[in-house]
Amino acid sequence: HELNQPVARVVREFVVLELYRRGLVSSGKAAGLLAMARWEFVRYASRLGIPMFDMTEDEWQAERTQADAL
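What counts and how
Residues numbered from 1 in each chain as written. Predicted model: local features only at pLDDT ≥ 70, side-chain atom pairs only at ≥ 80, totals over all residues. Heavy atoms only, no water. Core = buried A, V, L, I, M, F, W, Y, C linked by side-chain atoms within 4.5 Å. Buried < 20%, exposed > 50% of the residue type's maximum accessible area, 1.4 Å probe, protein only. Helix = DSSP H or I, 4+ residues; strand = E, 2+ residues; numbered from the N terminus. Contact = heavy atoms within 4.5 Å. Phe/Tyr/Trp six-rings, centres within 6.5 Å; stacked < 30°, edge-to-face > 60°. Lys NZ or Arg CZ within 6 Å of the ring centre and 35° of its normal. Expected span 1.5 Å × (residues − 1). Arc of directions from axis to C-beta.

This part is about the nonpolar core. Listed in full, the 12 residues of the largest apolar core are Val-16, Leu-17, Tyr-20, Val-25, Ala-30, Ala-31, Leu-34, Met-36, Phe-41, Tyr-44, Ala-45 and Ile-50. For this core, the elements supplying multiple residues, two or more each, are helix 1 (7-21), helix 2 (27-33) and helix 3 (38-47). Each residue touching Val-25, except ones within four places of it in the same chain, is listed here: Val-16, Leu-19, Tyr-20 and Ala-30.

The next subject is the packing of aromatic side chains. Scanning the model with the defined rule gives 1 aromatic pair in all. With 4.9 Å between their ring centres and 80° between their planes, Tyr-20 and Phe-41 make a pair best called edge-to-face. Separated by 21 residues along the polypeptide, Tyr-20 in helix 1 and Phe-41 in helix 3 bring together distant segments of the chain. Residues Tyr-20 and Phe-41 agree in their burial class; the two are buried. Taking NZ or CZ as reference, Arg-38 lies 4.8 Å from the ring centre of Trp-39, over its face.

If you check helix 1, its first and last C-alpha atoms are 21 Å apart, about what 15 residues at 1.5 Å a residue would give, namely 21 Å. Looking only at helix 1, the buried set comprises Glu-13, Val-16, Leu-17 and Tyr-20. Viewed end-on, helix 1 has its buried residues packed into an arc of 100°, placing them on one side of the element. Turned more than 90 degrees away from the buried face of helix 1 sit Val-7, Ala-8 and Phe-14, all of them exposed. Contacts from the buried residues of helix 1 go to helix 2 and helix 3. Phi turns positive one or two residues past the end of helix 1, at Gly-23, with a value near 80°.

So, in structure tokens, the structure goes:
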């Protein structure tokens, strides 16, 4: 995130991002742990290659089909 951050901050961020990536904490919880707004966290994680949604192609198609049926 920034180069001259205290080590504790960098470690905390790394751990929270990994917990979020594994689906062990929600985006809201992760944002709170890092003192960020939820959408700020989601955008940040996305820039790092951690998607908000982790669906297979089949799951995505099922969601689209369901949404189209509405």
